[in-house]
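Secondary and tertiary structure notes
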Amino acid sequence: MSQLQMPLDSAAVKKADDEFYANHPEYIQNGKRVPLDPNNPADSAACAEWRASYIKNGGKEKESPPQKKPDDPVQHCGSEQPVATLTVRWSKAEVTPDHNSTWPPATPPTDTIPDEAKVQLIGETTNVPDGTSATMTICHCATGAGVTGGAFNNLEVKGGKVVDPATGSALEWVFEGKHKLWDPWDKPYYFFTCTVNFQGLSKSTPKDFAAQQAACLRLKYWHCCTAESSTLSGVLPECNAVAGILNGVLFSKSLIQNLTTVGIPLAQYGSLLRNTYVFHQASHGNALKRSDNSSIPEGDPGESKYTKADWRSIVHITPVPRFGDTQIANNADIPVAPRYLFYASTCLTGWEPSFANAMIARGTRNVLAFRCSIPDSEAPVMARKFYTRWASYKLDPSKIPECFFKAGGDHYKKMKPILYGAGGGAISEGLSPLEIAGIAVAAVACGVLVGVAVWALLKK
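The present account deals with the structure reproduced in this document. Predicted model, so just to flag it, every value in this text is computed and none were measured. (Residues numbered from 1 in each chain as written. Predicted model: local features only at pLDDT ≥ 70, side-chain atom pairs only at ≥ 80, totals over all residues. Heavy atoms only, no water.)

With that settled, the discussion passes to the packing of helix α1 (residues 10–23) against helix α2 (residues 44–56). The packing of two helices is summarised by the inter-axis angle and the distance between the axes. Contact geometry of α1 with α2 gives a least axis separation of 8 Å together with a crossing angle of 135°. Accordingly, the angle class assigned to the pair α1 and α2 is oblique. Two packed elements cross with a definite hand, and for α1 against α2 that hand is right-handed. Contact residues: Ala 12, Val 13, Lys 15, Ala 16, Asp 17, Glu 19, Phe 20 and Asn 23 in α1; Ala 46, Glu 49, Trp 50, Ser 53, Tyr 54 and Lys 56 in α2. The class makeup of the residues in the contact of α1 with α2 is seven nonpolar, two polar and five charged. (Axes fitted to C-alpha atoms, helices over the stretch in contact; angles between N-to-C directions. Helix = DSSP H or I, 4+ residues; strand = E, 2+ residues; numbered from the N terminus. Parallel < 35°, antiparallel > 145°, perpendicular 65-115°, else oblique. Left-handed = near helix turned anticlockwise from the far one by under 90°. Contact = heavy atoms within 4.5 Å. Nonpolar A, V, L, I, M, F, W, Y, C, P; charged D, E, K, R; others polar.)

Let's shift gears to helix α6 (residues 354–361). Among the eight residues of α6, seven are classified as buried, and the element is accordingly described as predominantly covered. Those residues of α6 that fall on the buried side of the exposure criterion are Ser 354, Phe 355, Ala 356, Asn 357, Ala 358, Met 359 and Ile 360. Gly 363 sits one or two positions beyond α6 and adopts a positive phi of about 115°. (Buried < 20%, exposed > 50% of the residue type's maximum accessible area, 1.4 Å probe, protein only.)

What follows deals with the pairing of strand β5 (residues 118–126). Across six bridges, the pairing between strand β3 (residues 85–90) and β5 is antiparallel. What sits directly across from Thr 85, in β5, is Thr 126. (Pairing = 2+ DSSP bridges.)

In this section: the layout of surface pockets. Here the second largest pocket defines a volume of roughly 240 Å³. When contributions to the lining of the second largest pocket are tallied by element, the ones reaching two or more residues are β2 (32–33) and β7 (146–158). Looking at which element gives the most residues to the lining of the second largest pocket, the answer is β7, with three residues. Classifying every residue of the lining of the second largest pocket gives three nonpolar, eight polar and two charged. (1 Å grid on protein atoms, 1.4 Å probe; cavity = no way out; pocket = protein on both sides within 12 Å on 5 of 7 lines; lining within 4 Å. Points joined across faces, edges and corners; volume = space filled by probe spheres on them.)

Turning next to the packing of aromatic side chains. Using the criterion set out here, one finds 27 aromatic pairs in the structure. One aromatic cluster is present, built from ring pairs that chain together Trp 182, Trp 185, Tyr 221, Tyr 277, Tyr 340, Tyr 343, Phe 370, Phe 386, Tyr 387 and Trp 390. The ring of Trp 351 has Lys 308 lying over it, and the distance from NZ or CZ to the ring centre is 5.2 Å. Note that Arg 339 overlies the ring of Tyr 340, its terminal NZ or CZ placed 4.6 Å from the centroid. (Phe/Tyr/Trp six-rings, centres within 6.5 Å; stacked < 30°, edge-to-face > 60°. Lys NZ or Arg CZ within 6 Å of the ring centre and 35° of its normal.)

Evaluation of the coordinates by the stated rule reveals one cavity of 30 Å³ or more. Taken together, His 99, Asn 100, Trp 222, Cys 224, Leu 255, Ser 271, Leu 272 and Arg 274 make up the lining of the largest cavity. Of all elements in the fold, only β13 (221–228) and α4 (266–273) reach the threshold of two or more residues within the lining of the largest cavity.

In this section: the pattern of salt bridges. Scanning all chains against the criterion turns up 22 salt bridges. With a closest N to O distance of 3.0 Å, Glu 19 and Lys 56 form a salt bridge. Of the two residues, Glu 19 is situated in helix α1 and Lys 56 in helix α2; the sequence distance between them amounts to 37 residues. The class for Lys 56 is exposed, based on a relative accessible area of 59%. Glu 402 is the partner of Arg 389 in a salt bridge, and the nearest nitrogen-oxygen pair spans 3.0 Å. Placement of Arg 389 in helix α7 (residues 379–392) and of Glu 402 in helix α8 (residues 400–408) is noted, with a sequence separation of 13 residues between them. Residue classification places Glu 402 among the buried residues on the basis of a relative accessible area of 11%. Linked through salt bridges whose partners overlap, the residues forming this network are Lys 14, Asp 18 and Arg 33. (Salt bridge = Lys/Arg side-chain N within 4 Å of Asp/Glu carboxyl O.)

Another point: the nonpolar core. In terms of nonpolar packing, the biggest core is built from 73 residues, with Val 196, Phe 386, Tyr 387 and Trp 390 touching the most fellow members. Top contributing element to this core by residue count: α7, with seven residues. In contact with Val 196, not counting residues within four places along its chain, are Leu 86, Thr 125, Val 128, Thr 132, Ser 133, Ala 134, Val 157, Val 162 and Leu 201. The next biggest cluster of nonpolar side chains, apart from the first, holds 25 residues, and it includes Leu 266, Ile 317, Ile 334 and Phe 342. (Core = buried A, V, L, I, M, F, W, Y, C linked by side-chain atoms within 4.5 Å.)

For α7, with 14 residues, the first-to-last C-alpha span of 21 Å sits near the 20 Å given by 1.5 Å per residue. Buried within α7 we find Ala 379, Pro 380, Met 382, Ala 383, Phe 386, Tyr 387, Trp 390 and Ala 391. The buried residues of α7 occupy an angular sector of 160° when projected down its axis, which confines them to one face. Following α7 by one or two positions, Lys 394 adopts a phi angle in the positive range, close to 60°. (Expected span 1.5 Å × (residues − 1). Arc of directions from axis to C-beta.)

Read across the sheet, six strands follow the order β14-β13-β15-β18-β19-β20 without closing on themselves; strand pairing throughout is mixed. Since the sheet does not close on itself, it has two edges, and those belong to β14 (252–259) and β20 (417–421), each with one partner. Across the sheet, the mean angle from the axis of one strand to that of its neighbour is 15°, orientation sign disregarded. This element, α4, spans β13, β14, β15 (278–282) and β18 (341–345) of the sheet and lies at about 130° to β15. In the packing of α8 onto the sheet, contacts are made with β18, β19 (366–370) and β20, and the angle to β20 comes to roughly 170°.

In structure tokens form, the structure reads like this:
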């Protein structure tokens, strides 16, 4: 059998394709034409049929070689198949998770996705026919586990590139809360595997983030420092200072959002909370009576004068009834809670545990708050102490309790700081009883008091 003249005649190829697939619907799967494989004996008859159609429609043959002997190997259709290749890479080395690109957001609690949160999965091929199907799967480098929603089975090759048929461009990816952000916190690296259904092509981007970090995709730590500055002069400088400390940590970036009203819609506030590693709030706070939403009449209500179940600690930021346990549980307006820390630099937000319990129930590891009204001038001092120490640990979540204990001792008398959540009541290694006893560590995780030994120290 003579070889076909190269290059192939594109018009004859199209006519031969159309005729073959019209006659053989079994070679069409999910609306896509399955390419013939000249190296597969099962396709030899189909190849011969396609070749005859190609010549009938104007395709040319080379001069026929000498006739083969009966025991010579059978030739396949067309000329010798060129070797296909596949290369893969991320379009960039680092991304943030999805967050607001404007204020107010365009579609609260979401917004137009900023470019720094987008990454493309690049797959490039040679000698692969257009329309060939392909898949991509995103995985964690640390464990090899697939990322939730990170498997794509409907891709195809077009013009030597693996593309999303819906857009005609490379597949685009954005991280958000459902993808279990920063877990593990210190290994937020990702790779992807691409498989092209032609000549067994399959490639993965590097997985070894220790040796090939630049070739892996890193998810940066994303934080939001929110100030409500209409009546508080110290909150914006506090947020500026905290953001500066967070930005000084490698692979860490913080937004500063200055609000000038306490009545922003809940969905707008939820757009700031979502997909954050740390959320720092500097504004008014309060404890409101559940029956009529009235404010508690004292700046330091103490621990026994009022029945705490009758009250709800809040952040004074959204419209009445303000931002508390009920609002935190609103999945529609608060799609994702902060991952590791909500720092409430606000009055009375920690006086009773409902605020913290609701935040922890949504997945936040720790809530740092205060059990009395706090001085506008002193709050930034404690915040700087806490974040400076935590930054020295590269924002290791397990170090939050130690950093809280170390920072809070000097401020217990005027601010009564409290840590809720994991490790809130544990006596950290290296801390003396006097250091611990300087802080009210009545840590509550979902309503359960922990740290009995610490509490006993405080009562002495």
